[in-house]
Amino acid sequence: MIKIKYKVLFILAIILTFSLQSINVFSLANNGIGLTGEYYDNMVFTNQKLKMIDPIVGFDWRYGTPSAQISTDTFSARWTGQVEAKYSQTYTFYALSDDGVRLWVNNQLVINDWTDKGNKARETKGSINLIADQKYDMKLEYYEKTRRATIKLSWSSLSQGKQIIPQNSLYPELASVQPILCQFTSAFWDKTNVKEGE
C-alpha cells in the first residue's frame, strides 16, 4: 500500500515537472528571467563547477568567490542567452570588471578588455544598434586573476538612463532551463522512494 502511494506521488511529480517546463518555455518567450551563468575553477573555461540562471550580472565578490567550489583567485565565468531592447536606438553597453571581460551582442564583439587590472575595477564600453522588442544573442566572458573580483554589465540609450541590464530584458538558453526542472523530479523521487518490503 505504501509503495503504491509513493508511485502515485512520483507520477504526479513527473506531471508537475512537464507542466513547469511548458510554463517556463512560455514565460521565456514573453518575460526575461536572466542569463545562463557558467562558473569555472580556472581562467580558461575548462573546469566547470557551477551552472545556474543569474537574474542579472551585477557582482562584487570583493576578495571572495562565487561559490565554495571555486577558488578565490584564477576563476572565470561565462553568461549566455539573449537580450531584448525596449527602444530602436543605439545602445551603449558598459562592463565594470576586475579583471578581464569581453562581450558579444548579435555575434558582434562590442567590448574587448581581456586584461589584468590589479586591484581596481575599470569600466569599458561599446555601442551597437538594436531594434525594439527583438531578441539578440549575447555572450559575456570574464576572468578573475588575483585579489578583488568584480563584474557588472550595464547599458544605456537615448531614451534610457544607464542601469544594470534588468532581469526582464535577459533570456537564458532554453537548454539550461530543463535540467533545473528535472532536478526537482530527481530530488523528489530520492526522498519518496522506498525499499522493497516497506
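Residues numbered from 1 in each chain as written. Predicted model: local features only at pLDDT ≥ 70, side-chain atom pairs only at ≥ 80, totals over all residues. Heavy atoms only, no water.

1. Comments concerning the confidence of the model for the protein chain
- Confidence along the protein chain averages 81 in pLDDT terms, with 73% of residues attaining 70 or more.
- Scored below 50 in pLDDT, residues 12-23 makes 13 contacts in the model with residues more than four places away or belonging to other chains.
- Between residues 180-198, whose pLDDT stays under 50, and residues either more than four places distant or in other chains, the model counts 24 contacts. (pLDDT = per-residue confidence, 0-100. Contact = heavy atoms within 4.5 Å.)

2. What to know about the pattern of salt bridges
- Tallied over the entire structure, the rule returns seven salt bridges.
- Lys117 is the salt-bridge partner of Asp113, the closest N and O atoms lying 3.3 Å from each other. As far as the burial class goes, Asp113 and Lys117 line up, both buried.
- One network of salt bridges, with partners in common, ties together Arg78, Arg102 and Glu141. (Salt bridge = Lys/Arg side-chain N within 4 Å of Asp/Glu carboxyl O. Buried < 20%, exposed > 50% of the residue type's maximum accessible area, 1.4 Å probe, protein only.)

3. Examining the side chain of Thr124
- For Thr124, the position within the fold is in strand β8 (residues 122-130).
- A polar atom in the side chain of Thr124 sits 2.8 Å from the side chain of Asp113. (Helix = DSSP H or I, 4+ residues; strand = E, 2+ residues; numbered from the N terminus. Polar contact = N/O pair within 3.5 Å; in protein donor to acceptor, adjacent residues only side chain to side chain.)

4. A look at unusual backbone geometry
- With a phi close to 60°, Phe45 is a non-glycine residue in the positive phi region.
- With respect to the helices and strands, Phe45 occurs in the loop between β1 (35-40) and β2 (48-54).
- Positive phi outside glycine occurs at Asn107, with the angle close to 65°.
- Inspection of the secondary structure puts Asn107 in the loop between β6 (101-105) and β7 (108-113).

5. So, the packing of aromatic side chains
- This model, assessed by the stated rule, comprises twelve aromatic pairs.
- With 6.3 Å between their ring centres and 40° between their planes, Trp61 and Tyr142 make a pair best called tilted. Of this pair, Trp61 sits in strand β3 (residues 58-62) while Tyr142 sits in strand β9 (residues 135-144), and the two are 81 residues apart along the sequence.
- Plain terms: the ring middles of Phe93 and Trp155 are 6.0 Å apart, the flat faces sit at 55° to each other, and that makes the pair tilted. In this pair, Phe93 sits in strand β5 (residues 89-98) while Trp155 sits in strand β10 (residues 149-157), placing the two residues 62 residues apart along the sequence. Considered together, Phe93 and Trp155 belong to a single accessibility category, that of buried residues.
- Counting every residue linked through ring pairs, the aromatic cluster contains Tyr39, Phe59, Trp61, Phe75, Trp79 and Tyr142. (Phe/Tyr/Trp six-rings, centres within 6.5 Å; stacked < 30°, edge-to-face > 60°.)

6. A short note on the environment of Thr72
- Relative to the helices and strands, Thr72 resides in the loop between β3 and β4 (75-84).
- By relative accessible area, which is 38% here, Thr72 ends up partly exposed.
- Note: C-alpha distance between Thr72 and Ala149 (77 residues apart in sequence) is 8.4 Å.
- Apart from the residues within four sequence positions on either side, Thr72 is in contact with Tyr63, Gly64, Thr65 and Glu144.

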